[in-house]
Amino acid sequence: MKKLILSTALIALGHTNIAQAQALDKCVQPEQAEALIAYMLPKAVTAAQSKCSAVLPADSMLMEENSERLAAYKAASEKAWPMAKQAVSVIGGEKLPAEIDDTLLMPLTDAIFTGMITEEIKPKDCALINKIYGDLAPMPSANIASLTVTIIQAATKNDQKNDLPICKMPT
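Here, residues in each chain are numbered from 1, in the same order as that chain's written sequence. Local features are withheld for residues below a pLDDT of 70 in this predicted model, meaning they are given only at 70 or higher, and side-chain atom pairs are given and counted only at 80 or more; totals for whole chains, interfaces and linings count all residues. Side-chain numbers here rest on the full set of heavy atoms in the structure, without hydrogens or water.

Trainee: Would you explain the nonpolar core in this entry?
Mentor: Nonpolar side chains tend toward joint burial in soluble globular proteins. Nonpolar cores were defined as sets of buried Ala, Val, Leu, Ile, Met, Phe, Trp, Tyr and Cys residues, with membership established by side-chain atoms within 4.5 Å. Here's how the labels work: a residue is buried when its accessible area is under 20% of the maximum for its type, exposed when over 50%, partly exposed in between, all with a 1.4 Å probe on protein chains only. Core analysis: the biggest nonpolar cluster contains 44 residues, and Leu36, Val45, Cys52, Leu62, Tyr73, Ile121 and Leu164 have the highest contact counts within it. Secondary structure is summarised from DSSP: a helix means a run of H or I of at least four residues, a strand means a run of E of at least two, and numbering begins at the N terminus for each. Looking at this core, the elements that each hand over two or more residues are helix H3 (30-52), helix H4 (68-92), helix H5 (102-120), helix H6 (126-135) and helix H7 (141-155). Excluding anything up to four places from it in sequence, Leu36 contacts Ala84, Ala87, Val88, Ile91, Phe113 and Leu164. Residues count as neighbours in contact if any of their non-hydrogen atoms are within 4.5 Å of one another.

Trainee: Where do I start with unusual backbone geometry in this structure?
Mentor: Most peptide bonds take the trans form, and the phi angle of most residues other than glycine is negative. Of note, the phi angle at Asn66 is positive, near 50°, even though the residue is not glycine. In this structure, Asn66 sits in the loop between H3 and H4. Look at Asn66 and you get exposed, because its relative accessible area is 67%.

Trainee: Would you mind going over the packing of H3 against H5 with me for this structure?
Mentor: Any two packed helices are characterised by the angle at which their axes cross and by the distance between the axes. Axis definition: a line fitted to C-alpha atoms, limited for helices to the stretch in contact. Angles are taken between N-to-C directions and run from 0 to 180 degrees. Contact geometry of H3 with H5 gives a least axis separation of 9 Å together with a crossing angle of 50°. By the criterion of interaxial angle, the relationship of H3 to H5 is oblique. Crossing of H3 over H5 shows right-handed handedness. Here Leu36, Tyr39, Met40, Lys43, Ala44, Ala47 and Lys51 of H3 come into contact with H5, specifically with Met106, Thr109, Asp110, Phe113, Thr114, Ile117, Thr118 and Glu119. Under the scheme applied here, ten amino acids are nonpolar (Ala, Val, Leu, Ile, Met, Phe, Trp, Tyr, Cys and Pro), four are charged (Asp, Glu, Lys and Arg), and all others, including Gly, are polar. Looking at the contact of H3 with H5, its residues break down into eight nonpolar, three polar and four charged. Any angle between 65 and 115 degrees counts as roughly perpendicular, while under 35 counts as roughly parallel, over 145 as roughly antiparallel, and the rest as oblique. The handedness criterion is simple: a crossing whose near helix is rotated anticlockwise from the far helix by less than a right angle is left-handed, and one whose near helix is rotated clockwise is right-handed.

Trainee: Is there a simple way to think about the confidence of the model for the chain in this case?
Mentor: It should be kept in mind that the predicted coordinates are not to be read in detail where pLDDT is low. Confidence per residue, as judged by the predictor, is encoded in pLDDT with a range of 0 to 100. Residues of the chain with pLDDT of at least 70 account for 80%, and the chain-wide mean is 83. Long-range and interchain partners of residues 1-24, a stretch whose pLDDT sits below 50, account for 69 contacts in this model, where long-range means more than four residues apart.

Trainee: It is not clear to me how the state of the cysteines should be interpreted in this structure. Could you clarify?
Mentor: Covalent bonding between the sulfur atoms of two cysteines defines a disulfide. Cysteine sulfur atoms are paired as a disulfide whenever they come within 2.5 Å of each other. All told, the structure shown has two disulfides when counted by the stated rule. Paired by a disulfide, Cys27 and Cys167 hold their sulfur atoms 1.9 Å apart. Since a negative S-S torsion denotes a left-handed disulfide, the Cys27-Cys167 link at about 90° is right-handed. Here the residue Cys27 occupies a position in the loop between helix H2 (19-24) and H3, and Cys167 occupies one in the segment after H7, the gap between them amounting to 140 residues. Residue Cys27 is classed as partly exposed on the basis of its relative accessible area, which comes to 33%. Put simply, Cys52 and Cys126 are joined by a disulfide, and their sulfur atoms are 2.0 Å apart. Between Cys52 and Cys126, the disulfide has an S-S torsion of -85° and is therefore left-handed. Residue Cys52 is found in helix H3, and its partner Cys126 is found in helix H6; the two are separated by 74 residues along the sequence. For the residue pair Cys52 and Cys126, the accessibility class agrees, reading buried in each case.

Here it is in structure tokens:
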């Protein structure tokens, strides 16, 4: 199921070192998680392009650089930052100074999550990522983020710890 989540959102939060969030038993509200995913989406696409450039044909959907779609993801990413920052604060917990400035926090967030995403993408995943990226083309980033959060929530068992600790779906 983690590979489905990875491919669906083009983010790889599986097998990460977010133990401090798990240890705190705090969860990210679904809206915050969606914002974080929307914020990271263009960076995830760029990471996938980088990892898959040697595997995918240059004319594949994923390899299209500076597309209108990527520009739309980037615009949505900027708008998502204030809420995404709240998710980062929950995940960072006490190790993240409350007064940290966005000029420091944004590049730090970008570096950490982009590194995790890049590490998770394997050449064997590129064709599937490209297909799903193409299939999701008509969806705006907000819908992709919402779908991803829903999949994570649905795939998480009752007491199972998750790499992105999203609060339980209301019953």
